[in-house]
Amino acid sequence: MSDEVKFMLPESAIPTQWVNLLADLGPPPNPPLHPATQQPLGPEDLAPIFPMALIEQEVSGEPEIAIPDEVRDVYRLWRPTPLYRARRLERTLDTPAHIYYKYEGVSPAGSHKPNTAVAQAFYNQQEGVRKLATETGAGQWGSALALACQLFGLECEVFMVGVSYDQKPYRRAMIETWGGTVHRSPSELTDAGRSQAEHTSGSLGIAISEAVEVAASNEDTNYSLGSVLNHVCLHQTVIGQESIAQLELAGEYPDVVVGCVGGGSNFAGLAYPFIRANLREDRSTRFIAAEPAACPTLTRGAFRYDFGDTVGLTPLMPMYTLGHDFVPPPVHAGGLRYHGDAPSLSALVKEGLVEPKAVAQTAAFEAAVRFARCEGIIPGPEPAHAIRAVFDEAEAAKEAGEERVILFNLSGHGHFDMSAYSAYFAGELEDLEMPEDELASALDRLPEAPALA
Ligand SMILES: Cc1ncc(COP(=O)(O)O)c(C=O)c1O
């Protein structure tokens, strides 16, 4: 075992392919359904808003998919990202556990999101698309896509969840710096936005409806999603593949892998290559998906068909959901305020391969501050939830007296979230739990759809 703290790979070690875990899981028992006919979705149903290359990736049964040279060339701006051993944190927690973190905050946008934004912009440009429309929560995804569109010569139009638009003016400015246009959602620009005007704080579900509407009604515009879909999770698997190589340098292999979950993409990116190793090589790593207690999709949601957006324009997807019209409370981890989760991750949770865990926001910030004081990096509020779960695992290792290896995804830094840290220090952060009756009534409004197998 090495005594280093930073494990770096050369540019030549940027992965040449993405890992498609779906090939190992077999054909999905519950295909996505057309929102109107409720028949299984065909490629032609998605063609108005996605390029064919991404539609093919969405349903691919190939175990690996080659990363185009043009995409790898852009990845070289920040990849491979560093893997750190958190030795100071281990000492502070007084744990025998070895804690490693993969740091995705070194990308120009400050998070893992450009890993897929770059790929999506590339494939759209190849197929002659002029503009991409999208939603963004905290602004991480919108800024990543604006950057990627700029690099591939596309226009970018972003619908930003109202509460984040107000809380995070600098993320708006980043989108504009990279040439994108940003609107506060719900907006007056779309039917979907006008129909949701009373939800002034907005939600990812509403912003998605607005962006899908713009893409579907403009010939030269496609839609781009920053999480949830198979092709998005696929593009993020560069994270896990690099981590495997870096842990080899450290002479270790994880007993536990932890990630936070909004729609599931950074978790999938880190975990899926390791889950494949569990399935193929008889490894027995545990996987923990940390979500906010205020938006408890995996821990308290229903496993059902539901729309990906509020208005009901997207396909019906088999997933854990809080109901497509659920408007999560305005917690500071804007990127985790989504009513659903990736169908692939939902299936893994259902099968018991991934353990979900709900984390309260004050506990997340407390952990993030302790982490920053040991390791220096100020985490985004989203990965703060993963850090809280890591603390619990480190404590469990201490109680068991075992040198467990814990790996987590530090999916982004918190430099644009300092108002949330100020609120935490001022004692103004609330722990908002979703009341049982509110959950029940949101689930009552789930669409009529076939039961899941
Ligand atoms: C830094 C960061 N981490 C995590 C997330 C959650 O998204 P996902 O579950 O797709 O990784 C976001 C979403 O915006 C984010 O910005």
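Structure: above.
Described below are features of the structure shown in this document. (Residues numbered from 1 in each chain as written. Predicted model: local features only at pLDDT ≥ 70, side-chain atom pairs only at ≥ 80, totals over all residues.)

Quick notes on the overall build of the chain
Here is step 1 of the chain: Helices and strands together make up the secondary structure of the chain, namely 20 helices and 15 strands.
Here is step 2 of the chain: Its C-alpha atoms give the chain a radius of gyration of 20 Å, near enough to 22 Å, the size a compact globule of 453 residues would have.
Here is step 3 of the chain: Judged by the C-alpha coordinates and their principal axes, the chain covers about 55 × 50 × 45 Å.
Here is step 4 of the chain: For the chain, the residues scored as buried account for 59% of the 453 residues in total. (Helix = DSSP H or I, 4+ residues; strand = E, 2+ residues; numbered from the N terminus. Rg over C-alpha atoms; globule rule 2.2 N^0.38 Å. Buried ≥ 20, exposed ≤ 12 C-beta atoms within 10 Å, placed from the backbone.)

Side note on the sheet that holds strand β5 (residues 98-103)
Here is step 1 of the chain: With mixed pairing, the 7 strands of this open sheet are ordered in space as β1-β4-β5-β15-β10-β11-β14. Two strands bound the open sheet, and with one partner strand each, they are β1 (6-7) and β14 (355-359).
Here is step 2 of the chain: Inspection of the sheet shows strand β10 (residues 256-260) paired to strand β15 (residues 405-410) by 3 bridges, in the parallel sense. Each bridged residue has a counterpart across the sheet, and for Val257 the counterpart in β15 is Leu407.
Here is step 3 of the chain: Relative to β10, helix α14 (residues 265-281) is tilted by about 160 degrees, and along the sheet it contacts β5, β10, β11 (286-292) and β15. (Pairing = 2+ DSSP bridges. Contact = placed C-beta atoms within 7 Å. Axes fitted to C-alpha atoms, helices over the stretch in contact; angles between N-to-C directions.)

Examining the site of the ligand
Here is step 1 of the chain: Around the ligand, a shell composed of 21 residues is seen, among which Gln140, Ser227, Gly262, Gly335 and Gly412 lie nearest.
Here is step 2 of the chain: Mapped onto the shell around the ligand, the elements with two or more residues apiece are α7 (140-151), α14 and α18 (381-400).
Here is step 3 of the chain: Looking at the shell around the ligand, the element that brings in the most residues is α14, giving 3 residues.
Here is step 4 of the chain: Tallied by class, residues from the shell around the ligand come to 7 nonpolar, 13 polar and 1 charged. (Near = placed C-beta within 6 Å. Nonpolar A, V, L, I, M, F, W, Y, C, P; charged D, E, K, R; others polar.)

Concerning unusual backbone geometry
Here is step 1 of the chain: Here the bond from Arg79 into Pro80 is cis, since omega is -10 degrees, no more than 30 degrees from zero.
Here is step 2 of the chain: Relative to the elements of secondary structure, Pro80 occurs in the loop between α4 (69-75) and β4 (83-85).
Here is step 3 of the chain: Residue Pro186 is bonded to the preceding Ser185 through a cis peptide linkage, with omega at 5 degrees.
Here is step 4 of the chain: By the element assignment, Pro186 lies in the loop between β8 (181-185) and α10 (191-195).
Here is step 5 of the chain: At Gln38, a residue that is not glycine, the phi angle is positive and equals roughly 60 degrees.
Here is step 6 of the chain: Looking at the element boundaries, Gln38 is found in the loop between α1 (22-25) and α2 (43-46).
Here is step 7 of the chain: A positive phi angle is found at Asp94, which is not glycine, with a value near 50 degrees.
Here is step 8 of the chain: Considering the arrangement of structural elements, one finds Asp94 in the loop between α5 (87-93) and β5.

Some points on the pairing of strand β13 (residues 316-321)
Here is step 1 of the chain: The buried count for β13 comes to 6 of 6 residues, which makes it a mostly enclosed element.
Here is step 2 of the chain: Burial along β13 is two-sided: the face carrying Leu316, Pro318 and Tyr320 and the face carrying Met317, Met319 and Thr321 are both buried.

Considering the sheet that holds β8
Here is step 1 of the chain: The strand order across the open sheet formed by 4 strands is β8-β7-β6-β9, and the pairing between neighbours is parallel. The open sheet has two edge strands with one neighbour each: β8 and β9 (221-223). The average undirected angle you get between the axes of adjacent strands in this sheet is 25 degrees.
Here is step 2 of the chain: Together, β6 (131-136), β7 (155-161), β8 and β9 form the strand contacts of helix α11 (residues 204-216), whose direction differs from that of β6 by roughly 170 degrees.

Some details on the environment of Leu432
Here is step 1 of the chain: With respect to the helices and strands, Leu432 occurs in the loop between α19 (418-425) and α20 (436-444).
Here is step 2 of the chain: Counting along the chain gives 71 residues from Leu432 to Gln361, while the straight-line C-alpha distance between them is 8.2 Å.
Here is step 3 of the chain: With residues up to four places along the chain from it excluded, the contact list for Leu432 reads Ala294, Pro329 and Val331.

A few points about the packing of helix α13 (residues 238-250) against α14
Here is step 1 of the chain: α14 packs onto α13 with a crossing angle of 60 degrees between their chain directions and a minimal axis gap of 6 Å. Between α13 and α14, the angle is such that the two are oblique. Taken as a pair, α13 and α14 cross one another with a handedness that is right-handed. Here Ile239, Gly240, Gln241, Ser243 and Ile244 of α13 come into contact with α14, specifically with Gly269, Leu270, Ala271, Tyr272, Pro273 and Phe274. (Parallel < 35°, antiparallel > 145°, perpendicular 65-115°, else oblique. Left-handed = near helix turned anticlockwise from the far one by under 90°.)

Considerations on the pairing of β15
Here is step 1 of the chain: In terms of burial, β15 is largely enclosed, as 6 of its 6 residues are buried.
Here is step 2 of the chain: The sheet contact formed by β5 and β15 spans 6 bridges and is parallel. Opposite Tyr101, over in β15, you have Phe408 as the bridge partner.

Comments concerning the packing of helix α17 (residues 361-375) against α18
Here is step 1 of the chain: Between α17 and α18, whose axes approach to 7 Å, the crossing angle comes to 85 degrees. With respect to their mutual orientation, α17 and α18 come out roughly perpendicular. On the side of α17, the interface is formed by Ala363, Ala364, Phe365, Ala367, Ala368 and Phe371, while α18 contributes Pro381, Ala384, His385, Ile387, Arg388 and Phe391.

Remarks on helix α9 (residues 169-177)
Here is step 1 of the chain: Along α9, the residues classified as buried are Arg171, Arg172, Met174 and Ile175. The buried side chains of α9 occupy one side of the element, clustering within an arc of 155 degrees when seen end-on.
Here is step 2 of the chain: Packing partners of the buried residues in α9 comprise α7, β7, α8 (162-167) and β8.
Here is step 3 of the chain: Just beyond α9, the residue with positive phi is Gly179, at close to 90 degrees. (Arc of directions from axis to C-beta.)

Some thoughts on α11
Here is step 1 of the chain: Here α11 spans 18 Å end to end across 13 residues, near enough to the 18 Å set by a 1.5 Å rise per residue.
Here is step 2 of the chain: With respect to burial, α11 is a largely interior element, 12 of its 13 residues being buried.
Here is step 3 of the chain: Here α11 has its buried residues at Leu204, Gly205, Ile206, Ala207, Ile208, Ser209, Glu210, Ala211, Val212, Glu213, Val214 and Ala215.
Here is step 4 of the chain: Those residues of α11 that are buried lie in contact with β6, β7, β8, α10 and β9. (Expected span 1.5 Å × (residues − 1).)

Observations concerning the environment of Thr95
Here is step 1 of the chain: Among the secondary structure elements, Thr95 is positioned in the loop between α5 and β5.
Here is step 2 of the chain: The spatial distance from the C-alpha of Thr95 to the C-alpha of Pro108 is 34 Å, given a sequence separation of 13 residues.
Here is step 3 of the chain: Once residues within four sequence positions are removed from consideration, Thr95 is found in contact with Glu90, Ala394, Glu395, Ala397 and Lys398.

Read these as geometric descriptors, not functional statements.
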